[in-house]
Every structure is written in structure tokens, then in C-alpha cells.
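Structure assessment
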Amino acid sequence: MRSLYFGILTVLFLCVGCGSSTALYNGKDLTGWDIYGTEKWYVNDKGLLISESGPDEQYGYLATKKTYKDFELTVQFKQEANGNSGIFFRSDIEGTKISGWQAEVAPPGHDTGGIYESYGRGWLIKPEPAKDAYLKFGEWNKMKVRVVGNHVTTWLNGQEMISFTDSKIGEATGKIALQIHDGGGIKVYWKNINIKEL
């Protein structure tokens with residue numbers, strides 16, 4: 001009985017601060033999100049969220065209404081055409097001007113999983129070139145982005161892409177946003193967008 005008691009206490013101790021994941025995308029519509037710009041964001045009959053270049057071929061964003069500080073985000077994406085997109089975090093947005101940080105989602109050879117600071121310092125860290133082999137272009141990929149304090153880690157299909165510490169990131173709080181890059185010809189499918197606040 002005593003060992004059982006201490007076993008229960010151990011489980012409770014380990015689970016202190018353990019939050020459960022919340023779906024940011026409900027698989028039906030864009031509830032909880034705002035569209036910025038004139039590019040296309042819609043849900044198809046299979047429940048997939050689709051981002052697609054519109055006739056203006058400009059930057060476009062789909063951003064959460066809520067802001068987030070420390071979290072672990074997981075998302076699945078599949079790219080068509082050039083597939084240039086990204087997952088912004090701790091970001092502020094006005095019109096199509098976004099200030100914050102992006103975990104890159106891009107075609108082969110263009111640093112998926114790296115961190116880019118928009119309207120700031122530009123590229124902060126890129127994955128080692130060999131890690132580009134983890135991207136499955138035209139197939140479903142899973143990205144995980146973990147942001148805690150001033151530290152960011154990204155994974156692509158279970159492989160760590162970058163691990164990075166930055167004081168400016170540590171000071172920020174903001175929205176999570178998906179991007180359509182400018183230039184046209186972009187189409188990216190998204191599903192299973194979940195977040196666990198830490």
C-alpha cells in the first residue's frame with residue numbers, strides 16, 4: 001500500500017505543469033483565425049485547410065486570434081507548386097506586415113525548419129544542408145515547433161532541425177500565423193494543427 005501511495009505521488013509530481021494539446025484548427029472552418037491579405041484560405045470537403053496564392057500574388061497570412069508565449073506546436077503540411085510558406089510565432093500583424101519569427105516551410109533546398117525574423121534581422125539560423133533530406137516534398141510532413149523563454153527548437157518528421165537561443169525572441173508574445181509567400185503559384189495543405197501551452 002505504501003509503495004502504491006508513493007507511486008501515485010510520483011505520477012502526480014511528474015504531471016505538474018503538463019498541459020494537454022488543443023486543436024487550433026477544427027477541421028471544418030476558420031473559427032479562431034483571422035485572414036490578412038487577399039490570398040486564399042479555405043477548407044476543402046476532406047477537412048483540409050488550404051492556403052493558395054490569389055490573383056494579387058502577394059503575401060498572405062492566417063493568424064490566430066489568441067496570442068501565445070510558451071508552447072509546443074505540431075502541424076502537418078503538404079506542398080504543391082513551390083510550396084513556400086511558414087509558421088510564424090510570437091508575432092504581431094497589421095495588414096500584410098508581420099513582425100516576428102518564422103519557422104520556414106519551403107521547397108527543397110530552401111531551409112525548411114530554419115528561423116527567419118520578419119522586418120528585422122532576417123535569417124537567424126538555418127538547418128545544416130544535409131537535413132534538407134528530411135523534407136518530403138509533395139507528401140505529408142510533420143513539423144514541431146517548441147518555444148520556451150528565449151529558446152526555439154524545430155523538428156521535421158521527427159528529426160531536430162535547429163535549436164536556438166535569442167534574447168529578443170524571449171521578450172516577445174504574439175500570434176501564431178501561417179504564411180503564403182508572395183510571387184504566386186503557391187499551394188499548401190494543412191491539417192492536425194495542435195498546440196500545448198507550457
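So, here's what we can say about the structure.

Conventions adopted
- The residue numbers shown here count from 1 along each chain, following its written sequence.
- In keeping with the model being predicted, local features are shown solely for residues with a pLDDT of at least 70 and side-chain atom pairs are shown and tallied solely at 80 or more, while totals for entire chains, interfaces and linings include all residues.
- Excluded from the side-chain calculations are hydrogens and water; all other atoms, namely the structure's heavy atoms, are used.
- Points on a 1 Å grid over protein atoms alone make up a cavity when a 1.4 Å probe fits among them but cannot get out, and a pocket when they form an open set with protein on both sides within 12 Å along at least five of seven lines; lining residues each have an atom within 4 Å of a point.
- Grid points are joined across faces, edges and corners, and a volume is the space filled by probe spheres set on the points.
- Strands here are runs of E lasting at least two residues and helices are runs of H or I lasting at least four, both read from the DSSP assignment and numbered beginning at the N terminus.
- The rule for a salt bridge is simple: a side-chain nitrogen of Lys or Arg has to be within 4 Å of a carboxyl oxygen of Asp or Glu.
- Three exposure classes are used, based on accessible area relative to the maximum for each residue type with a 1.4 Å probe and protein chains only: buried under 20%, partly exposed in between, and exposed over 50%.
- The contact rule is simple, with two residues in contact once any of their heavy atoms fall within 4.5 Å.
- We call two N or O atoms a polar contact when they sit within 3.5 Å, provided that within protein one can donate a hydrogen and the other can accept it, with sequence-adjacent residues counted only if both atoms are side-chain atoms.
- What makes two strands pair is DSSP finding at least two bridges between them.

1. Concerning the layout of surface pockets
One number sums up the size of the largest pocket: a volume of about 250 Å³. Along the walls of the largest pocket sit 13 residues, with Tyr 59, Gln 102, Tyr 116, Gln 179 and His 181 positioned nearest its centre. Elements that contribute at least two residues to the lining of the largest pocket include exactly β8 (97–105) and β9 (115–118).

2. Concerning the pattern of salt bridges
One pass over the full model with this rule turns up 8 salt bridges. For Arg 90, the salt bridge goes to Asp 70, with nearest N and O atoms at 2.6 Å. Taken as a pair, Arg 90 in strand β7 (residues 85–94) and Asp 70 in the loop between β5 (60–68) and β6 (71–81) lie far apart in primary sequence, 20 residues in all. In this structure Arg 90 comes out as buried when scored by relative accessible area, which is 2%. Lys 168 is the salt-bridge partner of Glu 117, the closest N and O atoms lying 3.1 Å from each other. Note that Glu 117 is positioned in strand β9 and Lys 168 in helix α2 (residues 167–170), a separation of 51 residues in sequence.

3. With respect to the environment of Lys 40
With respect to the helices, strands and loops of the structure, Lys 40 is situated in strand β3 (residues 40–43). Along the primary structure Lys 40 and Trp 190 are separated by 150 residues, whereas in three dimensions their C-alpha atoms are 13 Å apart. Leave out the neighbours within four places in its chain, and Lys 40 touches Ile 50, Ser 51, Glu 52, Ser 53, Gly 54 and Ile 180.

4. Side note on the side chain of Asn 141
Structurally, Asn 141 can be placed in strand β11 (residues 141–148). Within the structure, the side chain of Asn 141 is placed 2.9 Å from the backbone oxygen of Glu 139, a separation counted as a polar contact. Ignoring any residue separated from it by four or fewer positions in sequence, one finds Asn 141 in contact with Val 75, Gln 76, Phe 77, Gln 79, Tyr 134, Leu 135, Lys 136, Leu 156 and Asn 157.

5. A word on the side chain of Gln 79
Counting through the fold element by element, Gln 79 comes out in strand β6. Separated by 2.9 Å, the side chain of Gln 79 and the backbone oxygen of Ala 106 make a polar contact. Other than its neighbours up to four places away in sequence, Gln 79 contacts Val 105, Ala 106, Pro 107, Leu 135, Phe 137, Gly 138, Glu 139, Asn 141 and Lys 187.

6. A word on the pairing of strand β15 (residues 186–197)
Across 2 bridges, the pairing between strand β1 (residues 22–23) and β15 is antiparallel. If you follow Thr 22 over to β15, its bridge partner there is Ile 195. Bridging between β6 and β15 involves 10 bridges; their strand directions are antiparallel. Counterpart to Ala 81 in the pairing with β15 is Ile 186.

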